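# Architecture and fold: a report
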Amino acid sequence: MLTKLTGGKVYDPAHGINGEVRDIYVRDGRIVAHHQADGVRPDQEFDCRGKVIMAGAIDMHTHIGGGKVTIARNLLPEDHRNDPVARSGPMRAGTGFAAPSTLTAGYRYAEMGYTAGFEPAVLPINARQAHMEMADTPMLDVGGYAMLGSDDFFLRLIASGAEQEIINDYVAWTIHSSQCIGIKVVNPGGISAFKFNQRKLDLDEDHCYYQVTPRKILQSLARAVHELGVPHPLHVHGCNLGVPGNLDTTLNTITGIEGLPMHLTHIQFHSYGTEGDRKFSSGAAQIAEAINRNPNITADVGQILFGQTVTASGDSMMQFANHAHAHPHKWVCMDIECDAGCGVVPFKYKDQNFVNALQWCIGLEIFLLVEDPWRIFLTTDHPNGAPFTTYPHLIRLLMDKSFRNDVLSTINADSAALSTLASIGREYSLYEIAIMTRAGAARILGLHDRGHLGAGAAADITVYTEQDDKEAMFTTPDYVFKDGELVVKNGEVIKVVWGNLHTIRPEFDRASIESRLKPYFDRYHTLKMDNFIIRDWEIEDDGRSKIMVHPCRGQA
Amino acid sequence: MTMLILTLRSEPQQRIDVAPLTPDGLLDKSAGEIGDILLQTGNRQVRTGELFDIEGNDASHMVLRGATGKLDFIGRGMAQGMIDVEGDAGSYLGMQMKGGHLVVRGSIGAYGACELKNGTVIIQGNAGDFLGASLPGNKKGMAGGTVIVRGNVGDRAGDHMRRGALLIEGNTGAYLGSRMTAGTIAVLGKTGRYPGYAMGRGTLLLAQAPAEILPTFNDCGTHTLGFIPLLLKGFGGLDTPFSNMSESLRRVRRYAGDMSGLGKGEILVAAGT
């Protein structure tokens, strides 16, 4: 079946197309070149004249599955009681605002034109549950980053001075076993150090038991990811999240990686200085400058937006440090299988609160001061900075200077006065938004057939009506296509589909690493090594999700 | 003006959420408009008029006739007027009620008067678990008002209670006043296991010695406490035997706890004369 989208203004940065009027042809879930469709009468035609066409959006960092999301839901029944969603049309009922149920999360993403979301904290030992939950999130393609860096096996390897080769094998084995697409490290070594009663761990501070520093952990993981040819750089949630003055840690992390590719996640939380009367200030300018200067660095922002949400993180050390700010006052910090940790602290960001208002400014400053939109990504670290449903509002803040300054004039005056935001004139263009939320995200993840509209790409397409109010524009797309099927019309889901799981399969020496892992599992773990590995059939046998393996560098 | 009488036509198959049927919600509505209000039952919505016969027009005094344990959320959030439930009531009776009077002639299910803010609730029969408690996951239970139960109550009455009074004339289940922050629970009958578990502040006033005092409560001996006659006098306008008990509660044995928590709560047990 041939579908034609006629006459839309196309924004496809992967091919340098900036608002040109073009027709797009789709056949069997893929975009086809014009010469293949010429002369064929389309079975279905959508009049997109005067409308904006982009690839489906990709959220490259959103907590939509896994243990901590479940804990957040359990901790906050009121989040669900107060936000019930009745079934309607093809959609089933659900609940939840900050930590919505899986079905509701999928529908809401699709209704904003998103067609993929990546869960950034898949703890390998809990990966099975994370995959089940992601598989239960409709409309979206999904994938996960496996969390390493505070697990005992890895820390033992580093402490014993293991060769990089072995670490590479372990990292590759973990990616295979947990069916992930990248590697994330959270507070490198810090989650483990917390359990040895350390309450902070700086970049060059020794873990008191393993005698390993976060710098060393970052370097060996980044090197492993690089040498294995994993497309996505090491995804780093750095040390000292949320601590005033962590700006220096972040800058040291950037220089300390010695030119290896590295992705700094929710960097807003890592860009704080200690200037001013209250010893809390914006480090956005220095951070943005460092990103601009180091082409090996990419970042997503983790913007905060005002309102009630819940922070769910693997970083039990920093979540414990912040638990006193919990609103409502209840929180969870826990160990997970002696392999990592988890902290869930509900939070209400208030626009009249000095710190929160400044955090809001810092995030926006970073967005606007980083020059290359291919290396900065639009996230709120859902739900940590704000629920993902605030993205259209965030896009408007970036695209509309007068709106941004209007909001700036309503927040805490001391924070506004300390921020340079008012003097920044930059407004993002639709092309740059398309880079940040589509083409750039696909490129940084190594998704060769997503995030663009070239021939052969999966037909994940979003059609908007161009409006001056960009929030309204991005809240309600006219059409969303998922793999060629029309799934959303006028901002409402009309057909429920199930997405794919994106993975990679780097090459490695399985026999060598399993000869070390098997006795380790037998001696220390709660399950056998063979059961730890998630098999393809576990994901594909229900007939909904398909595994899509993307090539690593050097693989055909 | 005659009082508004809603008579349940037949025993419902599914539970019915009758939260919209409060004096506040019906005050300016005609019988026809009331009949058109949609109520959630099971997975569908049904018109009030299909479930109830409607007589009278004064919604400030409502009667639910033929009520059964399948009617949930009676009087939810009501702020004024009176609901007289002739029969039993389901769960969440008087949840987050802000004022007015609720009288139930029969027994009620779980979470009666949960997160009550103000007003009076009188239960002639028994009440289920979590009377006057907080909703699951919330930190604050009943925060004002008065609840009188003539019969027995289930477990965890007054869980997370913050203010107000629970006056129980029958027996109680386990964990009476668990996690209480403040307020008063008075009991004429027997109490179950673990009274005052994890209570931070607040008062359990017991006419009979409990079967068990947790080891985390400290016996402080018997006292004549000046505040008790004042407290009981405060119940004066209510139809409750507690208002006349200043003599039998003249001397009380005081247990302070729960020392595993904040430990500023107390269990006061009548010590005779």
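The structure this text deals with has already been given above.
Below is a summary of the structure that appears in this document. (Residues numbered from 1 in each chain as written. Chains lettered and ligands numbered in written order. Predicted model: local features only at pLDDT ≥ 70, side-chain atom pairs only at ≥ 80, totals over all residues.)

## A word on the overall build of chain B
- Assigned secondary structure in chain B consists of four helices and 17 strands.
- Against the globule reference of 19 Å for 273 residues, chain B gives a C-alpha radius of gyration of 19 Å, in line with a compact fold.
- Projecting the C-alpha coordinates of chain B onto the three principal axes gives extents of approximately 65 × 35 × 25 Å.
- Classification of the 273 residues of chain B by burial places 48% in the buried group.
- Put simply, 40% of the contacts in chain B that link residues at least 6 apart link residues at least 24 apart. (Helix = DSSP H or I, 4+ residues; strand = E, 2+ residues; numbered from the N terminus. Rg over C-alpha atoms; globule rule 2.2 N^0.38 Å. Buried ≥ 20, exposed ≤ 12 C-beta atoms within 10 Å, placed from the backbone. Contact = placed C-beta atoms within 7 Å.)

## Considerations on the sheet that holds strand E7 (residues 71-72) of chain B
All names here are of chain B.
- Taken together, the four strands give an open sheet; going across it, the order is E4-E3-E2-E7, and neighbouring strands pair in mixed fashion. The open sheet has two free edges, formed respectively by strand E4 (44-47) and E7, since each of these has just one partner strand.
- With two bridges joining them, strand E2 (residues 16-17) and strand E3 (residues 38-41) adopt antiparallel strand pairing. Residue pairing across strands places Asp17 opposite Gln40, the latter belonging to E3. (Pairing = 2+ DSSP bridges.)

## Some points on the pairing of strand E2 (residues 17-27) of chain A
All names here are of chain A.
- Bridge count for strand E1 (residues 2-12) against E2 is nine bridges, and the pairing is antiparallel. Counted as the bridge partner of Val10 is Glu20 from E2.
- Here E1 hands over to E2 after four residues, with Gly16 in that stretch at a positive phi of 70 degrees.
- Remark: two residues form the turn of the hairpin made by E2 and strand E3 (residues 30-32), two consecutive strands paired antiparallel; Asp28 in that turn has positive phi of roughly 50 degrees.

## Points about the nonpolar core
- Within the largest apolar cluster, 169 residues are counted, with the highest numbers of intra-cluster contacts made by Ile53, Val171, Ile183, Leu221 and Ile366 of chain A.
- With 75 residues, the next largest nonpolar core counts Leu4, Ile34, Phe130 and Val153 of chain B among its residues. (Core = buried A, V, L, I, M, F, W, Y, C linked by C-beta atoms within 7 Å.)

## Describing the environment of Asp47 of chain A
Residue and element names in this part refer to chain A.
- By the element assignment, Asp47 lies in strand E4 (residues 44-47).
- Judged by the 11 C-beta atoms lying within 10 Å of it, Asp47 falls in the exposed class.
- In this structure the C-alpha to C-alpha distance between Asp47 and Thr6, which are 41 residues apart in sequence, comes to 5.1 Å.
- Beyond its immediate stretch of four places on either side in the chain, Asp47 contacts Thr6 and Gly7.

## Focus: the sheet that holds strand E18 (residues 332-336) of chain A
Residues and elements named next belong to chain A.
- Spatial strand order, E17-E19-E18: three strands in an open sheet with antiparallel pairing. A strand with exactly one partner marks an edge of an open sheet, and here the two such strands are strand E17 (307-313) and E18. The mean inter-strand angle of the sheet, taken between neighbouring strand axes irrespective of direction, is 15 degrees.
- One ladder, built from seven bridges, connects E17 with strand E19 (residues 340-349); its direction is antiparallel. If you follow Gly307 over to E19, its bridge partner there is Tyr349. (Axes fitted to C-alpha atoms, helices over the stretch in contact; angles between N-to-C directions.)

## Things to note about the packing of helix H7 (residues 164-178) of chain A against helix H9 (residues 214-227) of chain A
All names here are of chain A.
- Running from N to C, H7 and H9 point in directions that differ by 70 degrees, and their axes come no closer than 9 Å. Taken together, the axis directions place H7 and H9 in an arrangement best described as roughly perpendicular. From H7, Gln164, Ile167, Asn168 and Val171 reach across to H9, where they touch Ser220, Leu221, Arg223, Ala224, Val225 and Glu227.
- Of the residues belonging to the contact of H7 with H9, the class tally is five nonpolar, three polar and two charged. (Parallel < 35°, antiparallel > 145°, perpendicular 65-115°, else oblique. Nonpolar A, V, L, I, M, F, W, Y, C, P; charged D, E, K, R; others polar.)

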